[in-house]
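# Summary of the model geometry
The lines below spell out each chain.
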Amino acid sequence: MGEVGKQLQEIRERIAAACERVQRDPAEVELIAVSKTFPEAAILAAAGAGQRVFGESRLQEAAPKIEALPDHLIWHFIGRVQKNKVRKILPLFETVHAVDSLKLAVYMDGVAKDLGLKPKIFLQVNQAGEESKGGFSPESLREELAEIAELKQIQVVGLMSIPPAVEDPEGSRHWFAALRELRTELQQRSGLALPDLSMGMSGDFEVAVEEGATHVRVGSAIFGKREAKIPGELE
Ligand SMILES: *Cc1c(COP(=O)(O)O)cnc(C)c1O
């Protein structure tokens, strides 16, 4: 097995061990292999090792890759969503992780209706109020969720967050726990099921799983180091 296959297997084992520590079923956790900046060959290697779900953060980069790769792969859009790209994003991606405003949710619902699609979406929460990141503040989400719940074409599956980067993965734990608690509160307020939590990346996915993540977005721990930050990236 190649390097990517070995890394994938190791990540899956670490997810399973984290589940075991908190008595969760590993089947509840979707590993999204974040392939941005990596070539089709790397994605094929991962697919050959059984990986089906991949994450990309830029439409311009992702579209030709998706086009060239086998149809059975499932794509999640994890980058910042520009309104003028929505019409192209929705047909290619099953799930969109970073819907960051009511306006965008309303717009996306309309485009999805036009296209006859029912995309799954996560609402991104900017938990630490960082200027550099998009997302709802917890307060704005409390205020606006009722309106979002009215949108019937998009399927709001849960919350997503990229907490402030830290050296020690334990430093992310309180953010992950807070996202889970916000989810519980919003479920009670809105009646939306919100089953999913998209949280945890290469450095802290095990902690995220322990705190209830249903989707972890792991790139460099599978594919290796990325050369540089890319535009559209949410970090
Ligand atoms: C790049 C990216 C990831 C993956 O980051 P790694 O540290 O390489 O695992 C996860 N989520 C988002 C939103 C990203 O942009």
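This report concerns the structure included in the present document. Since we're looking at a predicted model, the values are computed, not measured. (Residues numbered from 1 in each chain as written. Predicted model: local features only at pLDDT ≥ 70, side-chain atom pairs only at ≥ 80, totals over all residues. Heavy atoms only, no water.)

## Observations regarding the packing of aromatic side chains
Under the definition given, this model contains 3 aromatic pairs. Ring centres of F38 and F223 lie 5.2 Å apart, and the angle between their planes is 25°; this geometry places the pair in the stacked category. In this pair, F38 sits in the loop between β1 (30–34) and α2 (40–48) while F223 sits in helix α9 (residues 220–223), placing the two residues 185 residues apart along the sequence. With relative accessibility at 11%, the residue F38 sits in the buried group. Take F223: its relative accessible area is 11%, and that puts it in the buried class. (Phe/Tyr/Trp six-rings, centres within 6.5 Å; stacked < 30°, edge-to-face > 60°. Helix = DSSP H or I, 4+ residues; strand = E, 2+ residues; numbered from the N terminus. Buried < 20%, exposed > 50% of the residue type's maximum accessible area, 1.4 Å probe, protein only.)

## Section: helix α6 (residues 138–149)
A turn of α-helix holds 3.6 residues, and therefore any two residues three or four places apart point the same way. Taking 1.5 Å of rise per residue, 12 residues should cover 16 Å, and α6 covers 16 Å from first to last C-alpha, within 8% of that figure. Burial in α6 covers these residues: P138, S140, L141, L145, I148 and A149. Here the buried residues of α6 occupy an arc of 135° about the axis, which is enough to place them on one side. Away from the buried face of α6 by more than 90 degrees, exposed residues E143 and A146 are located. Residues of α6 that are buried in the fold lie against α5 (102–115), β5 (120–124), β6 (155–160) and α7 (173–190). (Expected span 1.5 Å × (residues − 1). Arc of directions from axis to C-beta. Contact = heavy atoms within 4.5 Å.)

## Details of the side chain of D196
If you trace the backbone, D196 turns up in strand β7 (residues 196–198). An unpaired buried charge is present at D196: no salt bridge exists, and R183, the closest side chain of opposite charge, is 6.2 Å distant. Reaching out from D196, the side chain makes a polar contact with the side chain of T214 at a distance of 3.4 Å. The contacts of D196, once residues within four sequence positions are left out, are F122, V157, G158, L159, R183, T214 and H215. (Lys, Arg positive; Asp, Glu negative; His and termini not counted. Salt bridge = Lys/Arg side-chain N within 4 Å of Asp/Glu carboxyl O. Polar contact = N/O pair within 3.5 Å; in protein donor to acceptor, adjacent residues only side chain to side chain.)

## Focus on α7
When the terminal C-alpha atoms of α7 are compared, their 26 Å separation across 18 residues agrees well with the 26 Å that a helix rising 1.5 Å per residue should span. Taken as a whole, α7 has its buried residues at W175, F176, A177, L179, L182, R183 and L186. A positive phi of about 75° marks G191, the residue just after α7.

## Let's talk about the pattern of salt bridges
In total, this model carries 16 salt bridges according to the counting rule given. Of the charged contacts in the structure, one is a salt bridge between E210 and R21, with a shortest N-O distance of 2.6 Å. Here E210, found in helix α8 (residues 205–210), pairs with R21, found in helix α1 (residues 3–21); they are 189 residues apart in sequence, far enough to count as distant. Overall, the relative accessible area of 19% leaves E210 in the buried class. Salt-bridge contacts for R24 lead to E28; the nearest nitrogen and oxygen are separated by 3.0 Å.

## Quick word on the packing of α6 against α7
Their axes nearest at 10 Å, the elements α6 and α7 cross at an angle of 20°. By the angle class used here, α6 and α7 are roughly parallel. In this structure, α6 crosses over α7, and the sense of that crossing is right-handed. Residues P138, L141, R142 and L145 of α6 pack against L182, E185, L186, R189 and S190 of α7. Split into classes, the residues belonging to the contact of α6 with α7 amount to 5 nonpolar, 1 polar and 3 charged. (Axes fitted to C-alpha atoms, helices over the stretch in contact; angles between N-to-C directions. Parallel < 35°, antiparallel > 145°, perpendicular 65-115°, else oblique. Left-handed = near helix turned anticlockwise from the far one by under 90°. Nonpolar A, V, L, I, M, F, W, Y, C, P; charged D, E, K, R; others polar.)

## Points about the pairing of strand β2 (residues 53–56)
Burial along β2 is two-sided: V53 and G55 and F54 and E56, pointing in opposite directions, are all buried. Pairing between β1 and β2: 2 bridges, direction parallel. Of the residues in β2, the one forming a bridge with A33 is F54. Following the backbone out of β1, through α2 and into the adjacent parallel β2, one traces a crossover that is right-handed. As paired elements, β2 and strand β3 (residues 74–77) share 4 bridges and run parallel to each other. Within β3, the residue paired with V53 across the bridge is I74. In this region the chain leaves β2, passes through helix α3 (residues 59–68) and returns to the parallel neighbour β3; the handedness of that crossover is right-handed. (Pairing = 2+ DSSP bridges. Right-handed = clockwise from strand over helix to strand, strands pointing away.)

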